[in-house]
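# Close look at the chain arrangement
The lines below spell out each chain.
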Amino acid sequence: MELTQPISVQRVQQSRLQEVDFSNLGFGTYVADHMLVCDYKQGEWQAPAIMPFGNLTLSPTSLALHYGQTVFEGMKAFRMQDGRINLFRVHKHHERLSRSLDRMAMAIVPEDVFVEGLRQLISLDKDWIPTAPGTALYIRPFAYASEAKFGVKVSDEYKFVIFSGPVAAAFQKPLRVRVETQYVRAARGGTGAAKCGGNYGGAFYPTTKAKEAGYDQVLWTDAKENKYIEESGMMNAVFVIDGTVVTPPLSDSILDGVTRDSLLTVARDLGIPVEERLVSIEELEKAFRQHTITEAFGAGTAAIVAPIGTICIHDIDYQLPAYDAQAIMFRLRDQLEAIRTGQAADKHHWNYVL
Ligand SMILES: *Cc1c(COP(=O)(O)O)cnc(C)c1O
């Protein structure tokens, strides 16, 4: 890909790679050697620069700090079976970043800066990509309003940054989640479909309350009636009811998860019935009573699938049956993993191989 402005590269003098304990990666413990930074000013994106990972400087009046114009992405690079590197669904992530930026009235990062920036950055830090099953290089592209001016306004300047770090899969032990009917994550017409920092900031308080009560996450409900399930924590919520994979339809209060889309597509490919439709709390209660609900899980890049073991509805803990390797969620996860590592055909062209 030809960039209008070439990316300058300043390499680290000494890699930090040997500090990494690859047998105990955790999530968010390590950051790779380099980052990419690109500035938007005077109506234009400037030349991107790859440099050693380090602190950014910013003015106390930077608009992002006050009025919350910040947006991010989360994606993963995998080591394929033949040793090549795969950036998973890079174009879909760029599409979503663009939608989030647009919703927050921020400047759109050009696709070539995003894709070519990732390609060069991840090629440079390729030795940071772990190889054990379930591990990956987590990539965090983000943008924020960098204009230094404390009057309330849409920023005229932005900074786009990408860094990465090796991770193990998050949330592997079954989660205890509580249906939330007091607080909401997102409302119709709001920013729920944008991956913006404020959605997370607003979710911490109810999540902390749920944690104090012994739960890991909240199962969000709709803002209007608190009747329909929306998402699980910061993941899309998926259920298996009567052998059908059921998930709430996309809306402006549900984030269009790349993992959600990938798992649903894989399910359809495997001949497993899929329904994108409203799921009410009442339906879940009934399904528990009739034992027709067999699985519940969160879907997101960090965990891929995060099994849910317990759902608390109106102060009653309902238990999901124990999961074995035959669970639909694990079959979908494993098929997705096979596509990413090159062991299964990539018929939807999801892999961007370096
Ligand atoms: C990021 C995110 C997801 C998951 O999206 P993926 O693309 O699958 O990682 C789901 N819900 C919310 C609210 C999110 O921010």
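Structural data are supplied above this passage.
Structural notes, computed from the coordinates. Note on numbering: residues in each chain are counted from 1, in written sequence order. Only residues with pLDDT of at least 70 get local features here, since the model is predicted, and only at 80 or more are side-chain atom pairs given and counted; chain-wide, interface and lining totals rely on the full set of residues. To get the side-chain values, take all heavy atoms of the structure and skip hydrogens and water.

## Side note on the packing of helix α5 (residues 258-269) against helix α7 (residues 328-340)
Put simply, the test is: Fitted lines through C-alpha atoms serve as axes, helices being fitted only where they are in contact, and the angles separating the N-to-C directions of these axes extend from 0 to 180 degrees. Only DSSP runs of H or I with at least four residues qualify as helices, and only runs of E with at least two residues qualify as strands; both kinds are numbered from the N terminus onward. Any angle that is under 35 degrees is reported as roughly parallel, and any over 145 degrees as roughly antiparallel; angles of 65 to 115 degrees are reported as roughly perpendicular and all others as oblique. Between two residues, a contact is recorded if the distance between any of their heavy atoms is within 4.5 Å. Amino acids outside the nonpolar list (Ala, Val, Leu, Ile, Met, Phe, Trp, Tyr, Cys, Pro) and the charged list (Asp, Glu, Lys, Arg) are all regarded as polar, and Gly is one of them.
Two numbers describe how α5 lies on α7: the axes approach to 9 Å, and their chain directions differ by 100 degrees. Considered as vectors, α5 and α7 are oriented roughly perpendicular to each other. Of the residues in α7, those touching α5 at S262, L263, V266 and A267 are L332, R333, Q335, L336 and I339. Residue classes in the contact of α5 with α7 are distributed as six nonpolar, two polar and one charged.

## Concerning the site of the ligand
For clarity, the threshold we go by: For this description, a residue counts as near a given molecule or strand if any of its non-hydrogen atoms is within 4 Å of it. Polar contact is the term for a pair of N or O atoms within 3.5 Å; when the atoms are in protein, one must be able to donate a hydrogen and the other to accept it, and sequence-neighboring residues count only if both atoms are side-chain atoms. Where accessible areas are quoted, they stem from the Shrake-Rupley method and a 1.4 Å probe; at the residue level, only the protein chains shown are allowed to cover.
Neighbouring the ligand are 14 residues; K195, Y200, E231, T259 and T301 lie closest to it. R96 is positioned with one of its side-chain polar atoms (N or O) 2.7 Å from an oxygen atom of the ligand. Contact distances for the ligand include 2.6 Å between an oxygen atom and a side-chain N or O atom of T301. With the chains in place, 97% of the 380 Å² that the ligand exposes on its own is no longer accessible. Listing elements by their share of the shell around the ligand, those giving two or more residues are β13 (235-241) and α5. A breakdown of the residues in the shell around the ligand according to their chemical character gives five nonpolar, five polar and four charged.

## Observations regarding the side chain of S253
Which entries qualify depends on this criterion: Relative accessibility thresholds used throughout: buried, under 20% of the residue-type maximum; exposed, over 50%; partly exposed, between the two (1.4 Å probe, protein chains only).
In this fold, S253 is placed in the loop between β14 (244-247) and α5. Judged by its relative accessible area of 7%, S253 falls in the buried class. At 2.9 Å, the side chain of S253 forms a polar contact with the side chain of E230. With residues near it in sequence (within four places) discarded, S253 still touches R185, A186, A187, G192, E230 and E231.

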